[in-house]
Amino acid sequence: MARSQTTPSYEVTDIQVLEGLEAVRRRPGMYIGSTDSRGLHHLVQEVVDNSVDEALAGACDRIEVTIHPDSSITVQDNGRGIPVGPHPTQKKPDGSPMDTLEVVMTILHAGGKFGGGGYKVASGLHGVGVSAVNALSEWLEVEVRRDGKVYRQRYQRGKPVTPVELIGRTRPEDTGTRTTFLADQTIFKSLDYKFETLAQRFREMAFLTRGLTIRLVDLRVIKGEPPWRETTFYFEGGIASFVRYLNKNREVLHPPIYVEKQVNGTLVEAAIQYTDGYAESVFAFANNINTVDGGTHLTGFRSALTRVLNDYARSKGLLKEKDLNFSGEDTRQGLTAVLSVKMTDPQFESQTKAKLGNAEVRGQVESVVAEALAAFLEENGSVARKIVQKCITSSRAREAARQARDLVIRKSALESMTLPGKLADCSDRDPTKTEIFIVEGDSAGGSAKQGRDRRFQAILPLRGKILNVEKARLDKILSSNEIKAIITALGTGVGSQFNLEGLRYNRVVIMTDADVDGSHIRTLLLTFFYRYMEPLIENGHLFIAQPPLYRIETGKSHHYVYTEEQKEQLLKKLKGEKVAIQRYKGLGEMNPEQLWETTLNPENRTLLQVTIEDAAAADRIFDMLMGESVPPRRRFIQTHAKNVRNLDV
Ligand code: 0RA
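Summary of the structure given here.

Scoring rules and cut-offs
- Residues numbered from 1 in each chain as written.
- Predicted model: local features only at pLDDT ≥ 70, side-chain atom pairs only at ≥ 80, totals over all residues.
- Heavy atoms only, no water.
- Helix = DSSP H or I, 4+ residues; strand = E, 2+ residues; numbered from the N terminus.
- Buried < 20%, exposed > 50% of the residue type's maximum accessible area, 1.4 Å probe, protein only.
- Contact = heavy atoms within 4.5 Å.
- Expected span 1.5 Å × (residues − 1).
- Pairing = 2+ DSSP bridges.
- Axes fitted to C-alpha atoms, helices over the stretch in contact; angles between N-to-C directions.
- Salt bridge = Lys/Arg side-chain N within 4 Å of Asp/Glu carboxyl O.
- Core = buried A, V, L, I, M, F, W, Y, C linked by side-chain atoms within 4.5 Å.

## Section: the overall build of the protein chain
The helix and strand tally for the protein chain stands at 19 helices and 26 strands. By the burial criterion, 52% of the 649 residues in the protein chain qualify as buried. Long-range contacts, defined as pairs at least 24 residues apart, comprise 69% of the intrachain contacts of the protein chain with a sequence gap of at least 6.

What follows is the structure, encoded as structure tokens:
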């Protein structure tokens, strides 16, 4: 169902209606984002969102989703059931009224709640309605239980192939909607639904909708075995349970603080729990959409936190007159929180619609959260003191880090006179023609020094070891010898002293192995450049080298390939020939000639130019790598090491 509040007018002709669904089939991306796996899962989400809307209206407490062996999907709820009966305005081509059920299922943006108020899931990114799912399904069947009767209608590619039929009777209290659809394989590349992807989102929906049960059943047969997977989500505590779940492997300082309050039509819900760690995990939702880019609700939440903790610390004498106020960041170390707002007219900003824009929400959230937090602190003195103590610690650490950083920046500005000993500089002094390769490891550095064109290519080898950043903080990294060597070699200074005019090379190229350590080091370097030499990136001077993954040799020739796909393609082409495949695990395995041929020679190589977005992403990942819980970090590095070639650091 779409979220449009407008009822279709008399002027809407059937031709337009058909065109509507045709438009969805012609340009599915515009309606569901894409036709890859993401879009496919979106279909299920769209139907489930409609059922969750019923739950938000208080009319439904159970949703069951089934993946059938043929990859069709059933979504069943015990809501009110989609209305059945002649639609007041919508006519069929012969002039007779169309059934409301058919209107909901076949007219784009027409499925709304017919003026019935209540909050609606601002469905995913698109919110196009179940009619779009219908249009993109080879077939779809909907069954409605309402007023003691059971109705059914079937469609193919969005068009009805049966009328709305009365197919049976049931008890009047037995109401709900069951939708089964098979996504159209001429539109979707694959119907491979991922149990985990669906489960993840349903878990989130169940957390966000207290009292709602969502069950997911997988009846597909994989490798001849019916795995019969099944999972059920129900959380009595709503988002308080969500916070407990997020903290289940952490040491917590107190039970979740929970508040729920309606102000001027906005329902504000927050759950807050501090841990003894340093990581901040705050998730903000608006109408069940995860607003990853934050927005007014998150701003209101943060200011409540900062204000109340400062006020409390002052009033209890924990912050003295001479002390500075806590910054926002200081109040969020070790904080786990979920913020959820629901409103009738959410406004989303930004391309991804992941940022809430309603101005009024800021003050509403701030007042609700401030009141609840202040009351909690007053009633729980010993917990309150622990939280304030954390703020004090983090405020001191921040100040110490700032001083250390300033010192290093000042020092490196002075030291930048002498070039580092390990640098194999180029002979050309014209900085518009030269390049520097920052190379991981001494052995690869050796190959690069021999393989390069020394007229315009400089090599700076880095010892991998110092860049074992596992524990290091960024201010420490800045004082490492390796990073100092980079700063002096580039000649630009760093941080507030950075000056692009000093740059000694036109291209600065990061060259690391295509493995876990390489990806780790690259993340660190990108983070460093992003935070301390941003203009270098902005002006397009930073690059990432692309060494090959494999060398493939036949009797008469050899080839280098840079991706797994390229390898597959080439092997197909060489079918029948005898081939030897060498996999390069590291740069060190290439001899100087090979390195020149594949990675250094401007005639053959590809360099990836680093954008600010790439570097910002690396910066976020760096923070994550620095987090405390080891298992997720390990998992993260492993999964991402595979993607090294996409710059997906
Ligand atoms: C329109 C109006 C009403 C409910 C629905 C649609 C509805 C749609 C879906 C889709 C899946 N499950 C659904 N359940 C309900 C309100 C009906 C009323 O006021 O009785």
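## As for helix 6 (residues 195-208)
With 14 residues, helix 6 extends 20 Å between its outermost C-alpha atoms, agreeing within 8% with the 20 Å of an ideal straight helix rising 1.5 Å per residue. Summarising burial for helix 6: 11 of the 14 residues are buried, a large majority. Considered for burial, the residues of helix 6 that qualify are Phe195, Leu198, Ala199, Arg201, Phe202, Arg203, Glu204, Met205, Ala206, Phe207 and Leu208.

## Re the sheet that holds strand 19 (residues 435-440)
With mixed pairing, 5 strands are arranged side by side in an open sheet as 20-19-21-22-26. Either end of the sheet is taken by a strand with one partner, and the two such strands are strand 20 (457-462) and strand 26 (607-609). Strand-to-strand twist in this sheet, taken as the mean axis angle between neighbours without regard to direction, amounts to 25°. Direction of pairing for strand 19 relative to strand 21 (residues 507-511): parallel, over a ladder of 5 bridges. Bridge pairing links Val439 to Met511 in strand 21. The strands that helix 17 (residues 592-600) touches are strand 19, strand 20, strand 21 and strand 22 (542-545); relative to strand 21, the one it contacts most, it runs at about 120°.

## Concerning the pattern of salt bridges
Overall, the coordinates contain 37 salt bridges when judged by the stated rule. A salt bridge links Arg201 to Glu204; the nearest nitrogen and oxygen atoms lie 2.6 Å apart. One end of the pair, Arg201, and the other, Glu204, are both in helix 6, 3 residues apart, so they sit about a helical turn from each other. This pair shows no difference in class: Arg201 is buried, exactly as Glu204 is. Taken together, the salt bridges that share partners define one network made up of Asp192, Lys194, Asp218, Arg220 and Arg229.

## A word on helix 8 (residues 296-315)
Between the first and last C-alpha of helix 8 there are 28 Å, a value that for 20 residues agrees with the 28 Å anticipated at 1.5 Å per step. The positive-phi residue at the C-terminal boundary of helix 8 is Gly317, with phi of around 75°.

## As for the environment of Leu267
Residue position: Leu267 is located in strand 13 (residues 266-274). Residue class for Leu267 comes out buried when judged on its relative accessible area of 15%. Remark: the alpha-carbon pair of Leu267 and Lys342, spanning 75 residues in sequence, is separated by 5.1 Å. Setting aside its immediate chain neighbours within four residues, Leu267 contacts Tyr119, Glu260, Lys261, Gln262, Ser340, Val341 and Lys342.

## Topic: the nonpolar core
Soluble, globular proteins show a tendency: their nonpolar side chains are buried together. In terms of nonpolar packing, the biggest core is built from 60 residues, with Val44, Val65, Met105, Phe181, Phe188, Tyr193 and Phe202 touching the most fellow members. Apart from the residues lying within four places of it in its own chain, the contact partners of Phe202 are Val44, Gln45, Val48, Val65, Ile214, Leu216 and Phe233.

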